[in-house]
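The lines below spell out each chain.
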Amino acid sequence: MIKRTISGMIGKGSLAHNRREFFAENVEPDRVQLNICYQNENLKEVYKELFDDAVGRYNIGKRKDRQITNYYEKIRQGKQEKLFHEVIFQIGNREDMAVGTAEGDLAVKILDEYVKDFQKRNATLRVFGCYLHQDEATPHLHIDFIPYVTGSKRGLDTRVSLKQALSSLGFKGGSRSETELNQWVQSEKQKLAMVMRENEIEWDQKGTHEQHLSVLDYKKKVREQEVEELTEHKN
């Protein structure tokens with residue numbers, strides 16, 4: 001059985017980049033048609049779907065200056081929560097699971113199987129964007145989601161909360177390195193590893209694994225900076 005690393009990284013969440021509204025330097029435009037779009041919803045519309053009823057209940061009996069007129073803008077302008085979060089999953093790297101090779105095709109098959117149960121497994125993380133990219137060096141998944149909690153006793157009864165959304169899935173914060181988010185990412189990597197095993201690939205967690213991740217993190221930061229510049233230019 002062959003061994004491959006798993007990369008599970010928190011992304012910056014450039015929706016325009018994920019949707020290929022512009023091309024970063026590492027994208028091969030002639031392979032864009034190979035990408036798979038599982039979900040591509042309007043973020044503001046999903047906010048209305050999730051929170052409008054709760055906003056209505058919250059505003060009852062409150063003075064005008066205490067009411068919430070636009071929950072999307074309240075979160076966007078606030079500092080406590082992000083509008084949405086992104087996670088990126090990849091198997092192996094450009095040397096051993098490259099796009100266009102038999103191994104790369106297998107990575108696509110595994111990621112496709114893995115992502116199909118993602119929303120069911122993570123009910124409090126509302127996925128609105130999900131893309132499998134094959135127009136870069138290695139196949140990888142971008143999953144964009146809104147974490148939310150229901151039945152809250154403070155503020156809106158349904159509201160954005162990463163900590164509470166992950167807590168309801170069973171992830172409790174511990175040390176600085178064992179936050180709810182880190183525990184959840186690790187759990188999802190385990191789920192991906194199970195699908196890999198079904199396809200005769202073992203998760204390689206030894207030796208160069210951490211080094212591989214650090215290189216990927218560095219490349220991700222460089223790519224994020226490029227994407228930010230392209231986004232500003234597009235705007």
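Whatever comes next refers back to the structure up there.
Just so we're clear, the structure is a prediction, and the values are computed from it rather than from any experiment.

A short note on the nonpolar core
One finds Tyr114, Ile143, Trp184 and Leu192 to be the most contacted residues of the largest nonpolar core, which totals 32 residues. Listed by contribution, the elements that provide at least two residues to this core are strand 4 (85-91), helix 4 (102-115), strand 5 (125-133), strand 6 (140-149), helix 6 (162-168), helix 7 (180-198) and strand 8 (201-203). With near-sequence residues (within four places) excluded, Trp184 lies in contact with Val87, Phe118, Asn122, Leu125, Phe145, Leu166 and Phe171. In this structure, Leu43, Val55, Tyr71 and Tyr148 belong to the second largest nonpolar core, which totals 19 residues.

Observations regarding the packing of aromatic side chains
Taken as a whole and judged by the stated rule, the model has 10 aromatic pairs. Taking 5.4 Å as the distance between ring centres and 85° as the angle between the ring planes, the aromatic pair formed by Tyr47 and Tyr72 counts as edge-to-face. Pair noted here: Tyr47 is in helix 2 (residues 43-59) and Tyr72 is in helix 3 (residues 71-77), with a separation of 25 residues, a long-range link. As far as the burial class goes, Tyr47 and Tyr72 line up, both buried. In this structure an aromatic cluster arises from ring pairing among Tyr47, Phe51, Tyr71, Tyr72 and Tyr148. The ring of Tyr58 has Lys62 sitting right over it, with the charged end atom 4.1 Å from the ring centre.

Remarks on the pairing of strand 6
Side-chain positions along a regular strand alternate between the two faces of the sheet. Along strand 6, 10 of the 10 residues are buried, which leaves the element largely enclosed by surrounding structure. Across six bridges, strand 4 lies against strand 6 in antiparallel orientation. Opposite Phe89, over in strand 6, you have Leu141 as the bridge partner. Between strand 5 and strand 6, which pair antiparallel and follow one another directly, the connecting turn spans six residues. Relative to strand 7 (residues 159-160), strand 6 runs antiparallel, the two being bridged by two bridges. Note on strand 7: the bridge partner recorded for Val149 is Arg159.

What about unusual backbone geometry?
Despite not being glycine, Arg20 shows a phi value in the positive range, around 60°. Secondary-structure assignment places Arg20 in the loop between helix 1 (15-18) and strand 3 (36-40). Residue Arg20 is classed as buried on the basis of its relative accessible area of 11%. Located in the positive-phi region is Glu200, a residue other than glycine, with phi close to 65°. Assignment of secondary structure puts Glu200 in the loop between helix 7 and strand 8.

A word on the layout of surface pockets
Roughly 410 Å³ of internal volume is contained in the second largest pocket. Among the secondary structure elements, those contributing two or more residues to the lining of the second largest pocket are helix 3, strand 7 and helix 6. The element contributing the most residues to the lining of the second largest pocket is helix 3, with three residues.

Remarks on the pattern of salt bridges
The full count for this structure, using the stated rule, is 13 salt bridges. Asp65 serves as the salt-bridge partner of Arg63, at 2.8 Å between the closest nitrogen and oxygen. In this pair, the class of Arg63 matches that of Asp65, namely exposed. When the shortest N-O distance is used, the salt bridge between Lys116 and Asp112 registers 3.1 Å. Residue classification places Asp112 among the buried positions, given a relative accessible area of 19%.

Quick notes on the rules
Note on numbering: residues in each chain are counted from 1, in written sequence order. Only residues with pLDDT of at least 70 are given local features in this predicted model, and only at 80 or more are side-chain atom pairs given and counted; all residues enter the totals for whole chains, interfaces and linings. As a rule here, side-chain values cover all heavy atoms of the structure and leave hydrogens and water aside. Buried Ala, Val, Leu, Ile, Met, Phe, Trp, Tyr and Cys residues that are joined via side-chain atoms within 4.5 Å together make up what is termed a nonpolar core. Each residue is assigned to one of three classes by its accessible area relative to the maximum for its type, calculated with a 1.4 Å probe on protein chains only: buried under 20%, partly exposed between the two thresholds, exposed over 50%. By the criteria applied, helices consist of DSSP H or I runs no shorter than four residues and strands consist of E runs no shorter than two, each listed in order from the N terminus. Should any heavy atoms of two residues lie within 4.5 Å, those residues are considered in contact. Aromatic pairing here means that ring centres of Phe, Tyr or Trp (its six-membered ring) are within 6.5 Å. Orientation follows from the plane angle: under 30 degrees is stacked, over 60 is edge-to-face, and everything else is tilted. Each ring is checked for a lysine NZ or an arginine CZ that lies within 6 Å of its centre and within 35 degrees of its normal; such an atom marks a charge sitting over the ring. Paired strands, as defined in this entry, are two strands with at least two bridges between them according to DSSP. Site definitions follow a grid-based scheme: protein atoms alone, a 1 Å grid, a 1.4 Å probe that fits but cannot get out for cavities, and for pockets an open set with protein on both sides within 12 Å along at least five of seven lines, plus lining residues having an atom within 4 Å of a point. Grid points are joined across faces, edges and corners, and a volume is the space filled by probe spheres set on the points. One side-chain nitrogen of Lys or Arg within 4 Å of one carboxyl oxygen of Asp or Glu is enough to make a salt bridge.

By themselves, these figures tell us nothing about what the structure is for.
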